[in-house]
Amino acid sequence: MGKSSIGKTSALAVAASIWGDSGQFIMQWRVTSNAIETLAESHNSCLLILDELSQISARDAGNMIYTLGNAKGKARLNSIS
């Protein structure tokens, strides 16, 4: 957290490089609530860095953080038998 151009993203890239290709582990917050569930699931038991929190609204950020913290997404009806 801080002003622009002080190295926050660079610090995240260093952290991600420990796991391998930093481009694979650093994602943007600017995704839908449904997409964040899929993104988190694809990084299960692995590092997921979300950068640029200022790109989404506070309400959306709160909902996404709650979803990620619960480790459960919305229940969805896939088909009716």
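Okay, the overall build of the chain next. The number of helices and strands found in the chain is four helices and two strands. Here the chain holds 81 residues, and the buried ones make up 17% of them. The long-range fraction of contacts in the chain, counting pairs at least 24 apart against all pairs at least 6 apart in sequence, stands at 49%. Summed over all atoms, the accessible surface of the chain reaches about 6200 Å², with 55% contributed by carbon and sulfur.

With 77% of its residues at a pLDDT of 70 or more, the chain shows a mean pLDDT of 78. Between the elements of the chain, mean pLDDT differs from a low of 71, seen in helix α2 (residues 22–25), to a high of 85, seen in helix α4 (residues 58–70).

For E52, which is not glycine, the phi torsion reads 65° and is therefore positive. The residue E52 is located in the loop between β2 (49–51) and α4 in this model.

Grouped together as the largest cluster of nonpolar side chains are seven residues: W29, I36, L39, L50, I56, A61 and M64. If near-sequence neighbours (up to four positions away) are discounted, W29 is found in contact with L50, D51, E52, L53, I56, M64 and I65.

Each value, and the rule that gives it
- Residues numbered from 1 in each chain as written.
- Predicted model: local features only at pLDDT ≥ 70, side-chain atom pairs only at ≥ 80, totals over all residues.
- Heavy atoms only, no water.
- Helix = DSSP H or I, 4+ residues; strand = E, 2+ residues; numbered from the N terminus.
- Buried < 20%, exposed > 50% of the residue type's maximum accessible area, 1.4 Å probe, protein only.
- Contact = heavy atoms within 4.5 Å.
- Areas by Shrake-Rupley, 256 points an atom, 1.4 Å probe, with all protein chains shown as cover.
- pLDDT = per-residue confidence, 0-100.
- Core = buried A, V, L, I, M, F, W, Y, C linked by side-chain atoms within 4.5 Å.

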